[in-house]
Every structure is written in structure tokens, then in C-alpha cells.
Amino acid sequence: MTIDHVRAAGWTATAHPVSGPDSAALLRAYYIELIERYYGRPTDEEELAAVLAEEPSDDLTPPTGQFFVARRDGTAAGCVGLRVLDATTAELTRMYVAPPARGQGVAALLIAAAEHAARETFGAARMRLDTRKDLVEARALYARHGYAEIEAYNDSPYADHWFEKALG
């Protein structure tokens, strides 16, 4: 496995500019799903633009982070961000897999790519993340991948659960 590229079942996860068009499309889809699940209603362009401005992703690029895009046959279908919190801690963020690609190991592939980069590129000893109470699938995914619930490490108004994993 290289630092910025991993494969599984026909899928690849590669470091990709967070400012690129595939990244932007995936982040839009991520936030649309989050907004609609949180409020239980459709969103619109104005609300989406406000959330994108409130939750910038431009730090998900070296030296403060990295962004990964999962693809199969050239089609982007998932993403994850890695943010450096301090000299030994990284944060997993912006995890998204498009509905048609779910259940195919894409999330596991993205988590593996981010953990590898956190450890090998950024020297992190642990990975943290936060998630909401309504994202039960995400909480189960993180638990399956060795993340344990911890006390809050940030004050995000959208976080209800915080997790951490040692990157041994």
C-alpha cells in the first residue's frame, strides 16, 4: 500500500485536491444528506451554501490535512478528510459514500487510506472523529473499525458522539 493510494474490490482511494471538481461534488452530496437527515426535510442551494461556508474544508490539504476520493472505473463515489489536530492526533472528517456504492467496502477503504496517511505522512499516534446521534450507521461503522467512544474533544454544535482509535 502506498501512502496516498489503496485498493479493494475494484475500488481505489487516492489523495485528491479538496478543491477539485470531484471533491466539491462529493462534499455537496455529503452536506445535502446531512442537512436533510438532520432537519427531516429537503434543503436548497441557499442553505447548502451557508453550511459549506460555515464548515470549510480547505484545511484538508498538506500540511494541515489530506482529502481522499474513492473511485471505481473512474467514477468518484466516496470521500473522507483527514485533519491534523496536533503533533500526535489527526481527525477523520467528511466521510461520505454515495448510496449506490454503499455496502461494497468503500467506507472501510477510505478509513484505511486516512489512517495510513495519518500515521505515515503526518506521524499521528491516534485518530479522532465526531458524529451525530442520528447517524447510527456511522457510529456502527466506526465501532467495527476499532474506534471507541471518548469524552468530547471539540465543541461542534453538530456532534453528539466522539471517538478515538490508536494508530499502532
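First, a word on scope: everything that follows refers to the structure included in this document. Just so it is clear, the model here is predicted, and its values are computed rather than measured.

### Looking at the pattern of salt bridges
Step number 1: Under the definition given, this model contains 12 salt bridges.
Step number 2: One salt bridge connects R119 with E120, and the closest N-O pair in it is separated by 3.4 Å.
Step number 3: On the basis of relative accessibility, which here comes to 46%, the residue E120 falls in the partly exposed class.
Step number 4: Among the ionic pairs, E164 bridges to R128, the shortest N-O distance being 2.5 Å. With E164 in strand β8 (residues 161-166) and R128 in strand β6 (residues 126-131), this pair connects stretches of sequence that are 36 residues apart.
Step number 5: When its relative accessible area of 22% is taken as the criterion, R128 is described as partly exposed.
Step number 6: Among the charged side chains, a network of salt bridges with common partners joins D59, R83 and E91.

### Quick word on the environment of R83
Step number 1: Residue placement: R83 occurs in strand β4 (residues 75-86).
Step number 2: In the structure, R83 is positioned 31 residues away from A114 in sequence and 9.5 Å away in space, judged by C-alpha atoms.
Step number 3: Those residues in contact with R83 that lie beyond four places of it in its chain are P56, D59, L60, T64, G65, T89, A90, E91, T93 and R94.
Step number 4: A polar side-chain atom of R83 sits 2.6 Å from a polar atom in the side chain of D59.

What counts and what doesn't
Residues numbered from 1 in each chain as written. Predicted model: local features only at pLDDT ≥ 70, side-chain atom pairs only at ≥ 80, totals over all residues. Heavy atoms only, no water. Salt bridge = Lys/Arg side-chain N within 4 Å of Asp/Glu carboxyl O. Buried < 20%, exposed > 50% of the residue type's maximum accessible area, 1.4 Å probe, protein only. Helix = DSSP H or I, 4+ residues; strand = E, 2+ residues; numbered from the N terminus. Contact = heavy atoms within 4.5 Å. Polar contact = N/O pair within 3.5 Å; in protein donor to acceptor, adjacent residues only side chain to side chain.

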